[in-house]
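# Examining the three-dimensional arrangement
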Amino acid sequence: MLKSAVFIMNLNDLSPTEYWLKDDELKNIYTSNLWNNAEIEKKKEWWILENDFNKLWKYLKSIKLYQDYIVSEKKIKNLIGNNSIVVDLAAGIGWTSALLSKLDKVDKVNCVEISKHRLDLLCPKAIEMFGGEPKKIKRYIGSFYSTKFENEIADVVFMSQAFHHANEPSKLLKESYRILKKDGVIIMIGEPAKNLFKIFKRFIFFII
């Protein structure tokens, strides 16, 4: 899968990243400084700019995140209709977006992320690695608390290892439901059970 994908992608079909937020606006977002530090990122498994795909591949399987994705993909296939739109919130390097773009019923995958180097540099490599469909993928630098999408445009709102990073989870859910169609679904994977109590406390804090 990984090796063959390198040779069949035409990344010229990938549209340029759209910037919803300027640099000064990005700095005011929670954890933005961390996710926009490329030097820190180079030490992680996600750094695939030099085609070190096996490192990431082994990591995704070792923490069972890839396996979780496969389970969610089966659910999505059964739930969506033709020409579906997916919004991948906190999409990271876009590996889930790449896989979701391969689904026949998916017409478009919108990646929303606050990390510039992840979307601009690493996402094209992830599309290459996982054999994604560049024509279907749109990239947006912005906050998952306040997207620029119209109401009820998404058949699926997808999050991978994203929800537990929200310091305002109720705000994230509110935005997710705003852009979700009435018969749409929210899919979350990679949520560590040990953080559920912390997330619950955040809900209580913002409700109060």
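Right, let's walk through the structure included here.

Conventions used here
Residues numbered from 1 in each chain as written. Predicted model: local features only at pLDDT ≥ 70, side-chain atom pairs only at ≥ 80, totals over all residues. Heavy atoms only, no water. Pairing = 2+ DSSP bridges. Helix = DSSP H or I, 4+ residues; strand = E, 2+ residues; numbered from the N terminus. Contact = heavy atoms within 4.5 Å. Axes fitted to C-alpha atoms, helices over the stretch in contact; angles between N-to-C directions. Core = buried A, V, L, I, M, F, W, Y, C linked by side-chain atoms within 4.5 Å. Buried < 20%, exposed > 50% of the residue type's maximum accessible area, 1.4 Å probe, protein only. Lys, Arg positive; Asp, Glu negative; His and termini not counted. Salt bridge = Lys/Arg side-chain N within 4 Å of Asp/Glu carboxyl O. Polar contact = N/O pair within 3.5 Å; in protein donor to acceptor, adjacent residues only side chain to side chain.

## Let's talk about the sheet that holds strand E5 (residues 154-160)
- An order of E1-E4-E3-E2-E5-E6 is seen for the six strands of this open sheet, with the pairing classed as parallel. The strands lining the two open edges of the sheet, one partner per strand, are strand E1 (18-19) and strand E6 (180-189).
- Looking at chain direction, strand E2 (residues 84-89) and strand E3 (residues 106-113) are connected through six bridges and run parallel. Note on E3: the bridge partner recorded for Ile85 is Lys108.
- Sheet contacts for helix H6 (residues 65-79): E5 and E6; angle to E6, the most-contacted strand, approximately 165°.
- In the packing of helix H8 (residues 116-130) onto the sheet, the strands contacted are E1, E3 and strand E4 (137-141), and the crossing angle to E4 comes to about 160°.

## A look at the nonpolar core
- Counting 41 residues, the largest nonpolar core has Trp95 and Phe158 as the members making the most contacts within it.
- Elements with a minimum of two residues in this core: helix H5 (53-62), H6, helix H7 (95-100), E3, H8, E4, E5 and E6.
- Residues within four places of Phe158 in sequence aside, it is in contact with Tyr69, Ser72, Ile76, Val86, Val87, Asp88, Leu89, Thr96, Leu100, Ile187 and Ile189.
- Counting 18 residues, the second largest nonpolar core, distinct from the first, contains Tyr140, Phe149, Ile153 and Leu172.

## Notes on the side chain of Asp88
- Within the secondary structure layout, Asp88 lies in strand E2.
- Arg118 provides the closest opposite charge to the buried, salt-bridge-free Asp88, at an N-O distance of 10 Å.
- A polar side-chain atom of Asp88 sits 2.6 Å from a polar atom in the side chain of Ser97.
- Look past the residues within four positions of Asp88 in its chain and what remains in contact with it is Thr96, Ser97, Val109, Asn110, Cys111, Val112 and Phe158.

Read these as geometric descriptors, not functional statements.
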